[in-house]
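Residues per chain are reported as follows:
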Amino acid sequence: MAMEDHIERILWTDEEISNRVSELASQISNDFKQFSSALVIIGVATGAFLFLADIVRKITLPITVDFIRVGSYGSGTVSNASPIISSDIKIDIKGKHVIVVEDIVDTGNTLSCLMSHLESKGACSVSVCTFLDKPARRKVHFELVGEGKFYRGFECPDYFVVGYGMDFAELYRNLPYVGVLKPEYTSDGCVATIS
Ligand code: IMP
């Protein structure tokens, strides 16, 4: 069965995503144009890799890029309340304006952990640019650092979604759109197999 056959419905197509990413990139380029030092873009691995690759190519300002890895879900669909930074950034962000690029904000646990971590490294401001936001599932409030701003691509209904970087059990990240899995592939403990 092809990977597409596991998808029950598509929420955002390739084209809708591309249009929205262009809008976010021009908003960011405009908001940060007065700063003389390069903007630091920090991608949250692995889920943000496609969104990050797309948005940085549309931002017109000088930037540096790094990645941070935070464990949150394991291989299921239930959020882990105590995220752990398993791989830290390498570049110095002291006195810099930082934008954290996320695939999706769900409970807010990951961002809350990241905000305090990046603030402790001396960032001048920390903004968040998340591709999707699921406000209905928020449990933890997170504070942006300094004059940080919050950007989001789309508000996501309360479904577990895959594609455009987002996975279930590490699969489906390479779908060019965002969709909802058929129920037989989403129950926790089910390991999806593609053949
Ligand atoms: P939070 O800490 O609960 O906000 O979760 C954030 C992380 O959980 C995201 O960066 C995603 O990796 C993952 N996540 C949350 N919801 C989904 C989903 O619907 N599909 C895939 N991954 C998700």
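Quick caveat: nothing in here was measured; it's all calculated off a predicted structure. (Residues numbered from 1 in each chain as written. Predicted model: local features only at pLDDT ≥ 70, side-chain atom pairs only at ≥ 80, totals over all residues. Heavy atoms only, no water.)

## Some thoughts on the overall build of the protein
In plain terms, the rule: Going along the chain from the N terminus, every DSSP run of H or I of four or more residues is numbered as a helix, and every run of E of two or more is numbered as a strand. Within these notes, the globule rule equals 2.2 Å times the number of residues to the 0.38 power, and the radius of gyration is based on C-alpha atoms. Exposure categories follow from relative accessible area, calculated using a 1.4 Å probe and restricted to protein chains: below 20% of the type maximum is buried, above 50% is exposed, and the middle band is partly exposed.
The helix and strand tally for the protein stands at three helices and nine strands. Starting at the N terminus and walking to the C terminus, you meet the elements of the protein as β-α-β-α-β-β-β-α-β-β-β-β. By the compact-globule yardstick of 16 Å for 195 residues, the protein fits well, its C-alpha radius of gyration being 17 Å. A principal-axis box enclosing the C-alpha atoms of the protein has dimensions of 50 × 35 × 30 Å. Taking all 195 residues of the protein together, the buried fraction comes to 48%.

## What about the nonpolar core?
The condition is simple: We define a nonpolar core as any set of buried Ala, Val, Leu, Ile, Met, Phe, Trp, Tyr and Cys residues linked to one another through side-chain atoms lying within 4.5 Å. Two residues form a contact once any of their heavy atoms are found within 4.5 Å.
Counting 31 residues, the largest nonpolar core has Ile55 and Leu132 as the members making the most contacts within it. For this core, the secondary-structure elements that each account for two or more residues are β1 (7-12), α1 (14-31), β2 (39-45), α2 (49-56), β5 (97-105), β6 (125-133), β7 (150-155) and β9 (178-181). Sort the elements by how many residues they give to this core and α1 lands first, with five residues. Apart from residues no more than four positions distant in its own chain, Ile55 is found in contact with Val21, Leu24, Ala25, Ile28 and Cys129. If you look at the next biggest cluster of nonpolar residues, it comprises 19 residues, including Ile89, Val98, Leu111 and Leu118.

## Focus on the packing of aromatic side chains
Put simply, the test is: The rule is short: rings of Phe, Tyr and Trp, with Trp giving its six-membered ring, pair when the centres are within 6.5 Å, and they are stacked under 30 degrees, edge-to-face over 60, tilted in between.
For the coordinates displayed, the defined rule picks out eight aromatic pairs. Chaining the aromatic ring pairs together yields one cluster made of Trp12, Phe51, Phe131, Phe154 and Tyr164.

## Section: α2
Let me state the cut-off plainly: An arc is given here, and it is the one of the directions from the helix axis to the C-beta atoms.
Buried within α2 we find Phe51, Leu52, Ile55 and Val56. The buried residues of α2 occupy an angular sector of 115 degrees when the element is viewed end-on, so they sit on one face. Those residues of α2 that are buried lie in contact with α1, β2, β3 (63-71), β5 and β6.

## Observations regarding the packing of α1 against α2
Note the threshold: Interaxial angle, 0 to 180 degrees, is taken between N-to-C directions of lines fitted to C-alpha atoms, where a helix line uses only the stretch in contact. Comment on the angle field: the value is read as roughly parallel under 35 degrees, roughly antiparallel over 145, roughly perpendicular from 65 to 115, and oblique elsewhere. By definition, any crossing whose near helix is turned counterclockwise from its far helix by less than a right angle is left-handed, and any crossing with a clockwise turn is right-handed. Polar here means any residue outside two lists: the nonpolar Ala, Val, Leu, Ile, Met, Phe, Trp, Tyr, Cys and Pro, and the charged Asp, Glu, Lys and Arg; Gly therefore counts as polar.
Put simply, α1 and α2 touch, their axes get as near as 9 Å, and they point 60 degrees apart. Judged by the inter-axis angle, α1 sits oblique to α2. The hand of the α1/α2 crossing is right-handed. Touching Val21, Leu24, Ala25 and Ile28 of α1 are Phe51, Asp54 and Ile55, all from α2. Its residues assigned to classes, the contact of α1 with α2 comprises six nonpolar, no polar and one charged.

## Thoughts on the sheet that holds β7
Applicable threshold: DSSP calls a pair of strands paired once it identifies at least 2 bridges connecting them.
The sheet built from six strands is open, its strands ordered β4-β3-β2-β5-β6-β7 with mixed pairing. Each edge of the open sheet carries a strand with a single partner, namely β4 (84-87) and β7. On average, each strand axis in the sheet is tilted by 25 degrees relative to the strand beside it, whichever way the strands run. The strands touched by α1 within the sheet are β2, β5, β6 and β7, with β7 carrying the most contacts at an inclination of about 165 degrees.

## Comments concerning the pattern of salt bridges
What counts, and what does not: Any carboxyl oxygen of Asp or Glu that lies within 4 Å of a side-chain nitrogen of Lys or Arg is treated as forming a salt bridge with it.
Per the stated rule, a full pass over the model turns up 11 salt bridges. A salt bridge links Asp133 to Arg138, with the shortest nitrogen-to-oxygen separation between them at 2.6 Å. Here Arg138 falls in the partly exposed class, since its relative accessible area comes to 27%. Across the pair Arg152 and Asp133 runs a salt bridge, and its minimum N-O distance is 2.8 Å. In this pair, Arg152 is assigned in strand β7 and Asp133 in strand β6, connecting sequence segments 19 residues apart. In this structure Asp133 comes out as buried when scored by relative accessible area, which is 3%. Look at the salt bridges and you will find they share partners, linking Asp106, Lys134, Arg137 and Asp158 into a network.

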